[in-house]
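Chain and residue survey
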Amino acid sequence: MALRIMKSKLDKTKVRNWLRGHRKASSLIERERFRSLVSLTADESAAIYQSMAIAVIPSGDRPEPSPILWQMRKALRRYSKQTRKRTG
């Protein structure tokens, strides 16, 4: 049984704007992450690494992504393929 979430077509302009916004946000987050990491001392970075290593969930216990996330990924993949076909 297929999950039907969307009842209408996506607005291409809105999707492009949404993707553009996500790219800008991702770029900003990456710059801030870099600045933050560069400013850490060796002891601070070691403490963060150790706390992250403790918090890691074993791979067998990881929850599956939500059905909505899967549908978004599929839609974006299809859109990307269609765009590549048009631009050749």
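Above this text sits the structure in question.
Computed from a prediction, not measured in an experiment: that's the story for all the values here.

What counts and what doesn't
Residues numbered from 1 in each chain as written. Predicted model: local features only at pLDDT ≥ 70, side-chain atom pairs only at ≥ 80, totals over all residues. Heavy atoms only, no water. Patch = residues over 30% accessible without salt bridge, like charges linked within 9 Å, V, L, I, M, F, W, Y side chains within 5 Å. Areas by Shrake-Rupley, 256 points an atom, 1.4 Å probe, with all protein chains shown as cover. Salt bridge = Lys/Arg side-chain N within 4 Å of Asp/Glu carboxyl O. Lys, Arg positive; Asp, Glu negative; His and termini not counted. Charge placed at Lys NZ, Arg CZ, Asp CG, Glu CD. Helix = DSSP H or I, 4+ residues; strand = E, 2+ residues; numbered from the N terminus. Axes fitted to C-alpha atoms, helices over the stretch in contact; angles between N-to-C directions. Parallel < 35°, antiparallel > 145°, perpendicular 65-115°, else oblique. Contact = heavy atoms within 4.5 Å. Nonpolar A, V, L, I, M, F, W, Y, C, P; charged D, E, K, R; others polar. Phe/Tyr/Trp six-rings, centres within 6.5 Å; stacked < 30°, edge-to-face > 60°. Lys NZ or Arg CZ within 6 Å of the ring centre and 35° of its normal.

This next bit is on a positive patch on the surface. A cluster of basic side chains, namely Lys-9, Lys-12, Arg-16, Arg-20, Arg-23, Lys-24 and Arg-86, defines a positive patch on the protein surface. Looking at which element gives the most residues to the positive patch, the answer is helix α1 (residues 12–38), with five residues. Here Lys-12 shows up in helix α1.

Our next topic: a nonpolar patch on the surface. A surface patch of nonpolar side chains, about 280 Å² in accessible area, is lined by Trp-18, Ile-68 and Met-72. Inspection of the secondary structure assignment puts Trp-18 in helix α1.

Packing of α1 against helix α3 (residues 67–87) leaves a shortest axis separation of 13 Å and a crossing angle of 105°. The angle between α1 and α3 places the two elements in the roughly perpendicular class. On the side of α1, the interface is formed by Lys-12, Arg-16, Trp-18 and Leu-19, while α3 contributes Met-72, Leu-76, Tyr-79 and Arg-86. Split by residue class, the contact of α1 with α3 holds five nonpolar, no polar and three charged.

Let's shift gears to the packing of aromatic side chains. Summed over all chains, the structure comprises zero aromatic pairs. Looking at Arg-73, its charged tip hangs above the ring of Trp-70, at a distance of 5.2 Å from the centre.

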